[in-house]
Amino acid sequence: MQSLFSFAAGQRGLVTRQVSDMADLNAAVKDSSVNDILMSDGVYKLDDGQYGLSIERALMIRAAPGATVVLDGGADPSGQSGGAVMIIDVDDGAVALQGLEITNGAYFLGAAITSYGVAQGLTITSCSIHDNIGVGTGSVGGIWNGPGERGTGDLTIIDSEI
């Protein structure tokens, strides 16, 4: 697995942090020394008022082996509340998501994942993306991979359900 995600390690090596709740996940995403987040079994619901899990650097987020990990945007069925589950905007590097269930997002672009551009690509492997609500004309419930300032960046989806 390390070779698949060598982009995140760079020259300093893979720095992994295991998380077990939303507070841990938010802290790990903000910690620039961490480039690999290993999520324990559980439902990670966005905090009230949290617009989305904001990823702004090269990062790998993955479920621990055998774990069922649900990222829950907290949207109500009408799509009138909640936000995108993940908002990704990376100047340099790539982002990889593996083994996650991403659900209950509501947003005007991509309700599950809104990517404003990932310089070296976004890879989604073995994920289930469902029950997300696009809000407004031209919006999507699943993934929106826009051009952003860094170009489109490649979007690769492997063995996933959307």
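Located above this text is the structure these notes cover.
What comes next is a walk through the structure.

What counts and how
Residues numbered from 1 in each chain as written. Predicted model: local features only at pLDDT ≥ 70, side-chain atom pairs only at ≥ 80, totals over all residues. Heavy atoms only, no water. Helix = DSSP H or I, 4+ residues; strand = E, 2+ residues; numbered from the N terminus. Buried < 20%, exposed > 50% of the residue type's maximum accessible area, 1.4 Å probe, protein only. Contact = heavy atoms within 4.5 Å. Core = buried A, V, L, I, M, F, W, Y, C linked by side-chain atoms within 4.5 Å. Pairing = 2+ DSSP bridges. Salt bridge = Lys/Arg side-chain N within 4 Å of Asp/Glu carboxyl O. Axes fitted to C-alpha atoms, helices over the stretch in contact; angles between N-to-C directions.

Bringing the overall build of the chain into the picture now. Regarding its fold elements, the chain presents two helices and 16 strands. In the chain, which comprises 162 residues, the share counted as buried stands at 49%. Within the chain, contacts between residues at least 6 apart in sequence are counted, and of these 73% link residues at least 24 apart.

Ranked by internal contacts, the top residues of the largest apolar core, which has 36 residues, are I61, M86, L97, L100 and I113. In terms of residue count, the dominant contributor to this core is helix 2 (residues 22–30) (four residues). Look past the residues within four positions of I113 in its chain and what remains in contact with it is M86, I88, L97, I102, L122, I124, I129, G142, I143 and W144.

The next subject is the pairing of strand 12 (residues 122–125). Sheet topology places strand 8 (residues 95–98) next to strand 12; four bridges connect them, and they run parallel. Considered in strand 12, the bridge of L97 is made with I124. Sheet analysis places strand 12 next to strand 16 (residues 155–158), joined by four bridges and oriented parallel. Residue pairing in the sheet places T123 in a bridge with T156 of strand 16.

A complete count under the given rule lists two salt bridges for this structure. With a closest N to O distance of 2.5 Å, D31 and R17 form a salt bridge. With D31 in the loop between helix 2 and strand 2 (36–39) and R17 in strand 1 (residues 16–19), this residue pair connects regions lying 14 residues apart in the sequence. With relative accessibility at 29%, the residue R17 sits in the partly exposed group. Among the ionic pairs, D36 bridges to R62, the shortest N-O distance being 2.7 Å.

So, about the sheet that holds strand 15 (residues 143–145). Reading across the sheet, the four strands line up as 4-7-11-15 and stay open at both edges, with parallel pairing between neighbours. Strands with a single pairing partner mark the edges of an open sheet, and in this sheet they are strand 4 (53–55) and strand 15. In this sheet, adjacent strand axes meet at a mean angle of 10° when their direction is disregarded. Pairing between strand 11 (residues 113–118) and strand 15: three bridges, direction parallel. Following the sheet pairing, I113 is matched in strand 15 by I143.

With that out of the way, let us pick up the sheet that holds strand 6 (residues 69–72). Taken in spatial order, the four strands of this open sheet run 3-6-9-13, and their pairing is parallel. Since the sheet does not close on itself, it has two edges, and those belong to strand 3 (42–45) and strand 13 (128–130), each with one partner. Averaged over all pairs of adjacent strands, the angle between strand axes in this sheet comes to 15°, irrespective of strand direction. Judged from the four bridges that link them, strand 6 and strand 9 (residues 100–103) form a sheet pairing that is parallel. By the bridge assignment for strand 9, V69 is matched with L100.

Keep in mind these values describe shape, not function.
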